[in-house]
Each structure stands twice: as C-alpha cells, then as structure tokens.
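Residue-level structure breakdown
Listed below are the residues making up each chain.
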Amino acid sequence: MQELDQKKTIDLLNAIMEFELAGVVRYTHYSLMVTGPNRIPIVAFFKAQASESLLHAEQVGEILTGLDGHPSLKIAPMEETYRHKVKDILEESLSHEKKALDLYKNLLDTVTNASIYLEEFARGMIGQEEMHNLELKKMLRDFS
C-alpha cells in the first residue's frame, strides 16, 4: 500500500462536501418549483434527493474530521436557470449527478491502494451516483 496523500484527499472531500450541500439547496428548490399533474411523486423524489445529499455531506464531513481536516462552510456554485418545467429540472439534475459521479471517481483515484476504507466509501458512492444517473435517464425518456 502507498501512503495516503492527506492534503489532496482532504481537498477533494471538501469539494465533495460543498457539492453535496449545493445538492441539498438545488433539490429543495426543485421540489418547490414542480407543478402539474405529476407534482406529488416528483416533489417526493426531489425531497428524498435533498435528504440524501445532506446525508452524503454529513458522511464526508465525518471522514474529513477523522483525517484532521476542517469541513468547509461553503457550498459549490449554483446557477439559477429559471427553467422549471419538469424536463428542464430533470436535465439539470442529471448534469448535477454526472458531476457528483466525477468527484467520487476522482476521490477513488486519489485513495486507491492507500486506504481500504476510503476506497470502499468512494466505490459505494460511485455506485449510488451511477444509480441516480440511470434513474434520471429513465425519468427523461418520455420527454423525447
């Protein structure tokens, strides 16, 4: 095993935490903006996504402090598009989830062969983000 690059790992974990916290805000906003006949299940979906993003941020924060890091108080930048049709919101969500997937893949690359725990954590998160990408793609199919 190689030595863990602690600074790079902490920096990546902080970027992930900021991104997950942005997800809380993003998905909460989306849940408020959905209208139409399918509003109730879509709102429930976005509220669940917001809760999961908060859980992910908390998990990352616990790891950060375990590595003697300091969790960021910032959130990743977000852009308001003012497009709130369900299709637009789902497309924006898919873009967000793809970026999250990339962040966790970067974490995996950084910790591979240096920390079994962090490798397994990153792999689990990659699996969850891949599942979110698949779900969003399926939700978008009927809009073509």
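The text that follows walks through the structure, step by step, so that each part is easy to find. Predicted model, so just to flag it, every value in this text is computed and none were measured. (Residues numbered from 1 in each chain as written. Predicted model: local features only at pLDDT ≥ 70, side-chain atom pairs only at ≥ 80, totals over all residues. Heavy atoms only, no water.)

Time to look at the pattern of salt bridges. Inspection of every chain in the model, using the stated rule, returns six salt bridges. In this structure, Glu 92 engages Arg 83 in a salt bridge whose closest nitrogen and oxygen atoms are separated by 3.9 Å. Note that Lys 138 is salt-bridged to Glu 135, the shortest N-O span being 3.7 Å. Here Glu 135 and Lys 138 lie together in helix 4 (residues 116-140), a separation of three residues that amounts to about one turn. The exposure class assigned to Lys 138 is partly exposed, which follows from its relative accessible area of 46%. A relative accessible area of 35% places Glu 135 in the partly exposed class. The network of salt bridges with shared partners includes Arg 83, Asp 88 and Glu 92. (Salt bridge = Lys/Arg side-chain N within 4 Å of Asp/Glu carboxyl O. Helix = DSSP H or I, 4+ residues; strand = E, 2+ residues; numbered from the N terminus. Buried < 20%, exposed > 50% of the residue type's maximum accessible area, 1.4 Å probe, protein only.)

For the rest of this paragraph, the subject is the packing of aromatic side chains. Within this structure, the stated rule accounts for five aromatic pairs. Aromatic pair Tyr 27 and Phe 46: ring centres 5.9 Å apart, planes at 20 degrees, arrangement stacked. With a gap of 19 residues between them, Tyr 27 in helix 1 (residues 6-33) and Phe 46 in helix 2 (residues 39-66) connect regions that are remote in the sequence. Judged by its relative accessible area of 1%, Phe 46 falls in the buried class. Plain terms: the ring middles of Phe 45 and Phe 46 are 5.3 Å apart, the flat faces sit at 65 degrees to each other, and that makes the pair edge-to-face. Here Phe 45 matches Phe 46 in class, with each residue buried. Pairwise contacts between aromatic rings join Tyr 27, Tyr 30, Phe 45 and Phe 46 into one cluster. (Phe/Tyr/Trp six-rings, centres within 6.5 Å; stacked < 30°, edge-to-face > 60°.)

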